[in-house]
Amino acid sequence: TERESAMAARKRASSDATTTAEATKLPSAAASDPQIAPSKAGRILRYSLIFLFPYLYLIFYHYSIESELKKWILINAAISFAGFFLTLAMIPVASRYVLKRNLFGYDINKKGTPQGSIKVPESLGIVVGIVFLVLTILFQYFHFTADSNWLVEYNAALASICFMILLGFVDDVLDIPWRVKLLLPSIAALPLLMAYAGHTTILIPKPLVPYLGLEILDLGWVYKLYMGLLAVFCTNSINIHAGLNGLEVGQTVVIASAILIHNVMQIGASTDPEHKQAHAFSVYLTQPLLATSLALLSYNWYPSSVFVGDTYTYFAGMTMAVVGILGHFSETLLLFFIPQVLNFLLSLPQLSGYIPCPRHRLPRWAPIYSSGLFDPRTGLLTGTNDGTVVNLFLRQFGRMSEKSLCILLLVFQVVNHTYSLFFLKAAGGGLMHVWNAIPGILLGNAINFERVIVDLLRIDSALGCCFCFLLRWFLTGWYK
């Protein structure tokens, strides 16, 4: 009928109007979504070649690595490279969600400037952690078989890392008490320690052998306790040595690069298949960490578009502890953490309560006044008396911008790793024979000076981990 036709026409018109209204609302809603600054991926990739060139040179030219082992390292590298672009694509999407849930912060070092009033999304380390787990599980499917000897340790490593990602994100969201933070990292390391199948022995220095009656001492559970303390230290050392745009992720990238170079050196120089597999195991976990961290650094580098949160610092620290422990070079790993150990030692008086400790131990933002006018573009950071490496560098080298300070700290980290790798290379070559000859000439007997140095380093590392555990027990929540 005409009436039904008229009603149908009105319904179609109403439906078309509704569709048109929704279509006009969608662009405005999309336009109102919070946006972050574009990534600096091109610049980060160019600078990363500084570390990638030596790594690739050692793999393809310097050492003769078995074709099968080299193939799996390259397959893992290809998967990690894909993870780099996946992380780049996911960070802007995750940023919009965390901003809608009011997970944001303000850049304290830019307070008083237009950049200091911008809401910066936090806890973007969760993206890196998720992509890392996806990459490592995919590689596990292709590489490991059901009867593989390394499958148990690989799964234990992923369990510990996943636990720390969860802990970090819960801390970012709920701001959990420090007593819980003290307990959970230790528990998260339990799967790692239970799956550890490496040695628990140390070499006794030759001058002490006549008195002890043995050359090798098996520490048993004490050595595993040391490794647990190492996991606690690595998990928190990245979190403490922070406060600048790009510093947390930057130091992780530098340490991960040094770990990769060290592993390839050990694989190429060793003739023990088990030793090679242990270091290859470390490579399989470090390459995805490096790739995903480079993607995060593309957004976190100065001026930072996102903040990494405790999620990333806990995840990165536990991952490096895992590769050091299950790769059977936990003592060497501490050589790469010397700047972090120095930062802890400088922080100890404040963290122990001997000196008052503020909530944020960051440098002050010191603007320069020119012709009586305030120019925020020339603002520099001024070091305070707080015990951190960041403030120490400002006190020693004078005021500088946040970007210059971060670069200087990362260069210091690179110099430390270069020296550490040279020391390790020399320890395996002929240079240490000179060191061995000096005490023999002076004391008239044969003392293995190399072993003395290594044992002193082990003692120093163990003491550092014990101090770090006490730090967590006393004042884990000093930064809250």
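Residues numbered from 1 in each chain as written. Predicted model: local features only at pLDDT ≥ 70, side-chain atom pairs only at ≥ 80, totals over all residues. Heavy atoms only, no water.

1. Focus: the overall build of the protein
A count of helices and strands for the protein gives 18 helices and eight strands. Looking at the protein as a whole, 49% of its 480 residues qualify as buried. Relative to all contacts within the protein whose residues are 6 or more apart in sequence, the contacts with residues 24 or more apart total 75%. Only carbon and sulfur atoms are counted for the fraction: they give 67% of the accessible area of the protein, which is about 23,300 Å². (Helix = DSSP H or I, 4+ residues; strand = E, 2+ residues; numbered from the N terminus. Buried < 20%, exposed > 50% of the residue type's maximum accessible area, 1.4 Å probe, protein only. Contact = heavy atoms within 4.5 Å. Areas by Shrake-Rupley, 256 points an atom, 1.4 Å probe, with all protein chains shown as cover.)

2. A few points about the pattern of salt bridges
Enumeration according to the criterion identifies two salt bridges in this entry. Among the salt bridges present, the one from Glu 68 reaches Lys 71, with a minimum N-O distance of 3.4 Å. Of this pair, Glu 68 and Lys 71 both sit in helix H3 (residues 67–100), three residues apart, which is roughly one turn of the helix. Its relative accessible area of 46% is what places Glu 68 among the partly exposed residues. Judged by its relative accessible area of 38%, Lys 71 falls in the partly exposed class. (Salt bridge = Lys/Arg side-chain N within 4 Å of Asp/Glu carboxyl O.)

3. A word on the packing of helix H2 (residues 41–62) against helix H11 (residues 273–300)
Between two packed helices, what matters for the description is the angle formed by their axes and the separation of those axes. Two elements in contact, H2 and H11, have axes separated by 8 Å at closest approach and are oriented at 155 degrees. By the criterion of interaxial angle, the relationship of H2 to H11 is roughly antiparallel. Of the two elements, H2 crosses H11, and the hand of that crossing is right-handed. In contact with Ala 41, Ile 44, Ser 48 and Tyr 55 of H2, H11 contributes Val 283, Gln 287, Leu 294, Leu 297 and Ser 298. (Axes fitted to C-alpha atoms, helices over the stretch in contact; angles between N-to-C directions. Parallel < 35°, antiparallel > 145°, perpendicular 65-115°, else oblique. Left-handed = near helix turned anticlockwise from the far one by under 90°.)

4. Remarks on the environment of Pro 363
The topology assignment puts Pro 363 in the loop between helix H14 (338–351) and strand E5 (364–366). Between the C-alpha atom of Pro 363 and that of Asn 109, which follows or precedes it by 254 residues, the distance is 7.7 Å. Sequence-distant contacts of Pro 363, that is, excluding residues within four places in its chain, are made with Asn 109, Leu 381, Thr 382, Thr 384, Val 390, Asn 391 and Leu 394.

5. Quick word on the environment of Val 93
Topologically, Val 93 is positioned in helix H3. For the pair Val 93 and Ile 36, spaced 57 residues apart in sequence, the C-alpha separation works out to 9.7 Å.

6. Remarks on the UniProt feature "transmembrane region" (unreviewed entry) in the protein
Feature annotation in UniProt places "transmembrane region" (unreviewed entry) on residues 44–63, 75–99, 120–142, 154–170, 182–204, 249–269, 281–302 and 314–338, given in this structure's numbering. Segment residues 75–99 splits into 100% helix and 0% strand. End C-alpha atoms: 36 Å apart. In this annotation, residues 314–338 is assigned 84% helix and 0% strand; the end-to-end C-alpha distance for the span is 18 Å. (UniProt positions renumbered as here; feature names shortened; annotations may be inferred.)

7. Describing the nonpolar core
In this structure, Leu 285, Leu 296 and Leu 405 are the most contacted members of the largest nonpolar core, which totals 109 residues. No other element matches the 14 residues that H11 contributes to this core. Those residues in contact with Leu 296 that sit more than four places away from it in its chain are Ile 91, Leu 124, Val 128, Val 249, Val 306, Val 308 and Tyr 312. (Core = buried A, V, L, I, M, F, W, Y, C linked by side-chain atoms within 4.5 Å.)

8. Brief notes about helix H10 (residues 247–269)
The end-to-end C-alpha distance of H10, which contains 23 residues, comes to 33 Å, matching closely the 33 Å that a straight helix rising 1.5 Å per residue would cover. Most of H10 is tucked away: 20 of the 23 residues are buried. (Expected span 1.5 Å × (residues − 1).)

9. Comments concerning the packing of aromatic side chains
All told, the structure shown has 17 aromatic pairs when counted by the stated rule. Between Tyr 141 and Phe 142, the ring centres sit 5.3 Å apart and the planes meet at 75 degrees, which makes this aromatic pair edge-to-face. Chaining the aromatic ring pairs together yields one cluster made of Trp 72, Phe 139, Phe 144, Trp 150, Tyr 154, Phe 281 and Tyr 284. For the cation-ring pair, Lys 100 lies above Tyr 97, with the distance from its terminal atom to the ring centre recorded as 5.9 Å. (Phe/Tyr/Trp six-rings, centres within 6.5 Å; stacked < 30°, edge-to-face > 60°. Lys NZ or Arg CZ within 6 Å of the ring centre and 35° of its normal.)

10. Some words on a nonpolar patch on the surface
Side chains of Leu 56, Tyr 57, Phe 60, Tyr 61 and Leu 74 sit close together on the surface and give an oily, nonpolar patch of about 520 Å² of accessible area. Residue contributions to the nonpolar patch peak at four residues, all from H2. Following the sequence through the fold, Phe 60 ends up in helix H2. According to the relative accessible area criterion, Phe 60 is partly exposed, its value standing at 38%. (Patch = residues over 30% accessible without salt bridge, like charges linked within 9 Å, V, L, I, M, F, W, Y side chains within 5 Å.)

11. Considerations on the environment of Asn 239
One can find Asn 239 in helix H9 (residues 221–240). Of the residues examined, Asn 239 reaches a relative accessible area of 15% and is grouped as buried. Asn 239 sits 75 residues away from Tyr 314 along the chain, and the two C-alpha atoms are 7.2 Å apart.

12. A few points about the packing of H11 against helix H12 (residues 309–326)
Where H11 contacts H12, the two axes come as close as 8 Å, and the packing angle between them is 160 degrees. In terms of orientation, H11 and H12 fall into the roughly antiparallel class. When you trace H11 past H12, the crossing you get is left-handed. Contact residues: H11 offers Ala 278, Phe 281, Ser 282, Leu 285, Thr 286, Leu 289, Ser 293 and Leu 296, while H12 offers Tyr 312, Phe 315, Ala 316, Thr 319, Met 320, Val 322, Val 323 and Leu 326. Its residues placed into classes, the contact of H11 with H12 shows 12 nonpolar, four polar and no charged. (Nonpolar A, V, L, I, M, F, W, Y, C, P; charged D, E, K, R; others polar.)

13. A closer look at H9
Under the 1.5 Å per step criterion, the end-to-end length of H9 is 28 Å for 20 residues, consistent within 8% with the ideal 28 Å. Within H9, 16 of the 20 residues are buried, leaving the element largely enclosed by the surrounding structure.

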